[in-house]
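Observations on the three-dimensional arrangement
Below, each chain spelled out in residue letters.
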Amino acid sequence: MKIRSMAAILAATVVLPFAAANATDLEVTHWWTSGGEAAAVAELAKAFDATGSKWVDGAIAGSGGTARPIMVSRITGGDPMAATQFNHGRQAEELVEAGLMRDLTDVATRENWKDIIKPASLLDSCTIDGKIYCAPVNIHSWQWLWLSNGAFETAGVAVPKNWDEFVAAAPALEKAGIVPLAVGGQPWQAAGAFDVLMVAIAGKDVYQKVFGDKDEEVAAGPDIARVFKAADDARRMSKGTNVQDWNQATNMVITGKAGGQIMGDWAQGEFALAGKVAGKDYTCLPGLGVTEVIATGGDAFYFPLLEDEEKSKAQEVLASTLVSPAVQVAFNLKKGSLPVRGDVDLAAANDCMKKGLEILAKGNVIQWVDQLLSADSQKQKEDLFSEFFANPSMTPEDAQKRFVDIIASAE
Amino acid sequence: MSDTVALNPGPALAAATRAGVEPRGAKPRRALSGRNIMLYGTLAVAALYYLLPLYVMVVTSMKGMPEIRLGNIFSPPLEVTFEPWVKAWAQACTGLNCDGLSRGFWNSVRITVPSTLISILVASVNGYALANWKFKGADLFFTILIVGAFIPYQVMIYPIVIVLREMGIYGTLTGLVIVHTIFGMPILTLLFRNYFSSLPEELFKAARIDGAGFWQIYFRIMLPMSLPIFVVAMILQITGIWNDFLFGVVFTRPEYYPMTVQLNNIVNSVQGVKEYNVNMAATLLTGAVPLIVYFVSGRLFVRGIAAGAVKG
Amino acid sequence: MTGQAHTGRPSKLLRNLSSKIASIPMMLTAVVIFLGGTIWTVVYSFTNSKLLPRAKFVGFDQYERLWDAPRWIVSIQNLAIYGAFTLVFSLVIGFLLAALMDQKIRFENTFRTIFLYPFALSFIVTGLVWQWILNPEFGVQSVVRSLGWTSFTFDPLYNADIVIYGVLIAGLWQGTGLVMCLLLAGLRGIDEDIWKASRVDGIPMWKTYLFIVIPMMRPVFITTLVIIASGIVKVYDLVVAQTSGGPGIASEVPAKYVYDYMFQAQNLGQGFAASTMMLVTVAIIIVPWAYLEFGGRKRV
């Protein structure tokens, strides 16, 4: 398929029968469908509707796997939505290169995104060839170990302060019939847990070398071997989890059936929903209590190129609404994520969120794997680690060999 | 049983006489013969396996979450509640729209009715042409079609997106109807072809001698005679199209999203604990239309296939 | 209306014209969608297309990577196991049930409805409910344990060695009813005289079924076979809903590999290579058979 002709066809077919109804109805697709997520989206919609346009919601549950093919088909099929969620990073690169996405540089310059948006890497992920193509809306970080205070009490050991103490406490937990570490069956959970272990145990530099520079030698080296040892521990500790979804795993921690879980800050919403209090009922350890850094992954909105002038204008309005201070606060409090700008007040944030904000303010940030590796390498990694965590007969050494192959072939 | 005989005397009679077909020296028929115990015993055990999941779905959908957490999925609800049903139908959220499955119901109807009708019409004409008016090369197309039945749908998404885009009907209901027609075609054409070839050839020849042409014979003779196979095709298509998620969501826009999209959203949304009761109620509600179709017309289904399946 | 009806002999192309015109949708579907789509897929499997199809050819790279991927190998093995068992069990169970149903039984309607209703439900629903029943904490295992047999273990969905059989149980539940119906219909179409004759000859019932009736039901078996086999190759939703391919990669299937790599990994080339392998396998088995079955014989 020729990209140029595709753009032309796109232009030809985009004469929408529905455009006549209301020129500033904007259809927005996303995969935020859980309770807390929907509440957060409602904040975005409310703010956008207040500008005189209308947010038409197109939610598709099941995260990227289900929603993304639909979004990509719509865009390439010449019937695009007005805006769509993607994890920022490399997911939408090609759509941009194909000329299917709208350039937001004008809005960004006008509103000075370069200075407002912190950390700068967020905007870098939206930038291709010097032009800005997406509006980041939040920062989600993966580097958290969530611990159930109740579970450790039952087992008669102190709540660990770091990963090593946690590993040491595992036998006591097991004896009490508690699964030490909950890891759900979805492949991305195993892969994510490994990445978190890598930053915590091998440190920021090694992490950057492996995923950023795709350095095979480092990936095959002793640092990563230590990470695989830790992953082996994690595998042993996760035996008996028997749940699929991440939030079911979180629920095991909430109810004290599991000692802890390595999961992103979105898990926080689950604790809040269950009425649990940070520090009292559960403990959060950023960077597994070893290396206090957080990664700046997150969500962003992309805007497909539309013919309709009114809609294009409304797209700009939507983009600027998304990053405006009031929306950032309202949205992120509901979502449990951190705002993309440093100049807003998050007084209502809870303890764990505050810990995250502190680390962010110190500048202890790294780019998350989504921003460094292609979706393809990520998927291969997921296959590897979901197999590793489910199959005790796979040795850490074998797994590391396969990991090196993935890094070697990564682009 | 009695109504089967009334409606369909041929096979039932056949079965009746055949029941006497046994190795020589068989014992006289008694109601409680060993053979009958075996026969009904086996059927009952099989029936249990088939019914169990439905039973589980129904009882689970009427329990509250606390009761579900207690364990036993087979125990009947202590306290019957219809809350999950109400929630699934009218309250469950899909993003910002909290009106449950009800939102997609009419869309599913709007998609299923034209898709079913058109796909059947096209496939029946195909089958008729293949059975009665075979032209050179027809078999080649048919073979490709049958092989096409084995292609995973997911693979075809991109090529079809391109074709629909070139035709300018991507994202429209028309496009979706065409997609359903295409993917229903292999199996349906096979069924119709078998059926039409099983009809007595004399009928067709007589009509030809009277000077009737392709369409005349189709509409005047073939169509009226093929009600049974049309019922079979309808059942297959209604089920398939109603249950479809992938095409409904990839080839249309949100205002046409079928009920299965909301089902997916309800089932896959992660909100604390999995609400199994709401999930089960939602699956039962979504499956209600095809289930009713089966319960009402299951008998016609076997008759329809029986009418044309054997001679091929 | 058609050329053939006239006494004269019009040109070859115009013969049977209405039939040809009426078959245009079928020809288009066969050629443009199935054949064209397949060729397109095969061509792009030799490229390094990522999110969008791009004609940058890389030879057999995608295939080399495919056959190096442990997940693909597991997928193939699973499909072979699932396929073989599904084929055998649905035909055997379907035929046995059909033969039983054909014994002039009471409540035939009720039984038939019971066996057939699962087919009305989608694979998503099937996967969901069987996941629920096979869940060790709530389902069969916990119920048996609560009856006093505390060491009873039945957790197919969490045991990598047997998970594919857990999927099989659900798949058979959904599909055997249809097979039963098709075969019952086939049995009903057998001429009564056959049975009379075999009785006169003193042939036992099972022999009559095996050597006379089943061979006579060839066409219905072929329809059934096409339906079962095409379902096997395409198995996807069931696995996604029931196990998501887990534990680990133990219940992965090829269609899921294709889908995941096309859309989650955004590596169309890899997905196309995998689907080409599937198509090639299908083609090797099906095409010669299909052509013999549907093309070779002269009929009507």
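Residues numbered from 1 in each chain as written. Chains lettered and ligands numbered in written order. Predicted model: local features only at pLDDT ≥ 70, side-chain atom pairs only at ≥ 80, totals over all residues.

**Digging into the packing of helix H19 (residues 375-390) of chain A against helix H20 (residues 396-409) of chain A**
A packed helix pair is summarised by two numbers, namely the angle formed by the two axes and the spacing between the axes. Residue and element names in this part refer to chain A. The criterion, for reference: Structural elements are reduced to axes, namely lines fitted to C-alpha atoms, with helices fitted over the stretch in contact, and the angle between N-to-C directions of any two is expressed from 0 to 180 degrees. Numbering of helices and strands runs from the N terminus, with a helix taken as a DSSP run of H or I at least four residues long and a strand as a DSSP run of E at least two residues long. Angle categories are assigned with fixed cut-offs, so that under 35 degrees is roughly parallel, over 145 is roughly antiparallel, 65 to 115 is roughly perpendicular, and the rest are oblique. The contact criterion used is a C-beta to C-beta distance within 7 Å, with each C-beta placed from the backbone. Charged means Asp, Glu, Lys or Arg here, nonpolar means Ala, Val, Leu, Ile, Met, Phe, Trp, Tyr, Cys or Pro, and polar covers whatever is left, Gly included.
One can describe the packing of H19 onto H20 by two numbers: an axis separation of 10 Å at closest approach and a directional angle of 175°. By the angle class used here, H19 and H20 are roughly antiparallel. Of H20, the residues touching H19 (which contributes Ser377, Gln380, Lys381, Leu384 and Phe388) are Ala399, Arg402, Phe403 and Ile406. Tallied by class, residues from the contact of H19 with H20 come to five nonpolar, two polar and two charged.

**A few points about the domain arrangement of chain B**
Residues and elements named next belong to chain B. To be explicit about the condition: Where a domain begins and ends is set by an automatic assignment or by a domain database.
In terms of domain boundaries, chain B breaks down into domain 1 (25-81) and domain 2 (102-308). With centres defined by C-alpha atoms, the gap from domain 1 to domain 2 works out at 32 Å. Every contact between the two is made by six residues of domain 1 and, on the other side, eight residues of domain 2. Secondary structure elements with two or more residues in the side of domain 1 that touches domain 2: helix H3 (34-61) and helix H4 (65-69). Per-element accounting of the side of domain 1 that touches domain 2 gives the leading share, three residues, to H3. Residue classes in the side of domain 1 that touches domain 2 are distributed as three nonpolar, two polar and one charged.

**Some words on the UniProt feature "domain: ABC transmembrane type-1" (unreviewed entry) in chain C**
Heads up, the rule is: UniProt positions are given in the numbering used here, feature names are shortened, and annotations may be inferred rather than shown by experiment.
The UniProt record marks residues 76-291 of chain C with the feature "domain: ABC transmembrane type-1" (unreviewed entry), using the residue numbering of this structure. As annotated, residues 76-291 of chain C has a helix share of 73% and a strand share of 0%, and its two end C-alpha atoms lie 26 Å apart.

**Brief notes about the interface of chain C and chain B**
The interface of chain C with chain B comprises 100 residues on the first partner and 97 residues on the second. Among the elements that line the side of chain C that touches chain B, the one with the most residues is helix H2 (residues 24-44) of chain C, at 14 residues. A class-by-class count of the residues in the side of chain C that touches chain B yields 65 nonpolar, 24 polar and eleven charged.

**So, the UniProt feature "transmembrane region" (unreviewed entry) in chain C**
Residues and elements named next belong to chain C. Under the local residue numbering, the UniProt record ascribes the feature "transmembrane region" (unreviewed entry) to residues 21-43, 79-101, 113-133, 162-187, 208-233 and 272-292. Along residues 162-187, the helical share is 96% and the strand share 0%, with 35 Å between the first and last C-alpha atoms. Split by type, residues 208-233 is 96% helix and 0% strand. Its first and last C-alpha atoms lie 33 Å apart.

**Things to note about the interface of chain A and chain C**
Contact residues are listed per partner, giving 23 residues for chain A and 22 residues for chain C. Those elements that place two or more of their residues in the side of chain A that touches chain C are helix H3 (63-76), helix H4 (93-97) and H19 of chain A. Take the side of chain A that touches chain C: its biggest share by element is eight residues, from H19(A). Counted by class, the side of chain A that touches chain C contains eight nonpolar, nine polar and six charged residues.

**Remarks on the packing of H3(B) against helix H6 (residues 123-134) of chain C**
One way to put it is that H3(B) packs onto H6(C) with a least axis distance of 10 Å and a crossing angle of 85°. Between H3(B) and H6(C), the interaxial angle falls into the category roughly perpendicular. Contact residues: B:Pro53, B:Val56 and B:Met57 in H3(B); C:Val129, C:Trp130, C:Trp132 and C:Ile133 in H6(C). Here the residues of the contact of H3(B) with H6(C) sort into seven nonpolar, no polar and no charged.

**Comments concerning the nonpolar core**
Proteins that are soluble and globular tend to have nonpolar side chains buried together. Here is the rule: Residues enter a nonpolar core if they are buried, belong to Ala, Val, Leu, Ile, Met, Phe, Trp, Tyr or Cys, and are joined to the set through C-beta atoms within 7 Å. Here the C-beta atoms are placed from the backbone, and a residue counts as buried if at least 20 other C-beta atoms lie within 10 Å of its own, exposed if 12 or fewer do, and partly exposed otherwise.
In terms of nonpolar packing, the biggest core is built from 314 residues, with A:Leu197, A:Tyr302, B:Ala282 and C:Cys181 touching the most fellow members. At 15 residues, the largest contribution of residues to this core is made by helix H10 (residues 187-212) of chain A. Contacts of C:Cys181, omitting those with residues within four sequence positions, involve B:Phe301, B:Val302, B:Ile305, C:Arg112 and C:Leu116.

**As for the sheet that holds strand S1 (residues 25-30) of chain A**
All names here are of chain A. We count it as follows: Whether two strands pair comes down to DSSP finding at least two bridges between them.
The sheet built from five strands is open, its strands ordered S2-S1-S3-S12-S6 with mixed pairing. Two strands bound the open sheet, and with one partner strand each, they are strand S2 (54-59) and strand S6 (134-136). Here the strands of the sheet are splayed against their neighbours by 30° on average, with no regard to which way each runs. Two elements, strand S3 (residues 83-87) and strand S12 (residues 299-302), share four bridges in a ladder whose sense is antiparallel.

**So, the sheet that holds strand S7 (residues 144-148) of chain A**
Residue and element names in this part refer to chain A. Pairing within the open sheet is mixed, and its four strands lie in the order S8-S9-S7-S10. Strands at the two margins of the open sheet, each flanked by one partner only, are strand S8 (179-181) and strand S10 (282-286). Taken pair by pair, the neighbouring strands of this sheet meet at an average axis angle of 20°, ignoring direction. Two elements, S7 and S10, share five bridges in a ladder whose sense is antiparallel.

**Things to note about unusual backbone geometry**
For the bond running from A:Lys118 to A:Pro119, omega is -10°, close enough to zero to count as cis. You can see A:Pro119 is positioned in the loop between helix H6 (113-116) and helix H7 (121-126). One non-glycine residue with positive phi stands out, namely A:Asn242, at about 50°. Not every positive phi belongs to a glycine, and C:Phe107 is a case in point at roughly 55°. Tracing the backbone shows C:Phe107 in the loop between helix H4 (70-101) and helix H5 (108-116).

**Let's talk about the environment of A:Arg341**
Residue and element names in this part refer to chain A. Tracing the sequence through the fold places Arg341 in the loop between helix H16 (325-335) and helix H17 (351-362). Given 18 C-beta atoms within a 10 Å radius, Arg341 is considered partly exposed. Separated by 150 residues in sequence, Arg341 and Ala191 place their C-alpha atoms 29 Å apart. Arg341 has contacts with Ile116, Ile117, Lys118, Val323, Pro325 and Gln328, leaving out every residue within four places of it along the chain.

**Some points on the confidence of the model for chain B**
The predicted coordinates of low-pLDDT regions are not to be read in fine detail. Residues and elements named next belong to chain B. As a reminder, the rule being used: On a scale of 0 to 100, pLDDT captures the predictor's confidence in every residue.
For chain B, the mean per-residue pLDDT works out to 81, and 86% of the residues sit at or above 70. Summarising per-element confidence for chain B, the mean pLDDT is lowest in helix H1 (residues 2-7) (33) and highest in helix H6 (residues 102-132) (92). Note on residues 1-28: pLDDT is under 50 here. Beyond four places in sequence and across chains, it has 29 contacts.

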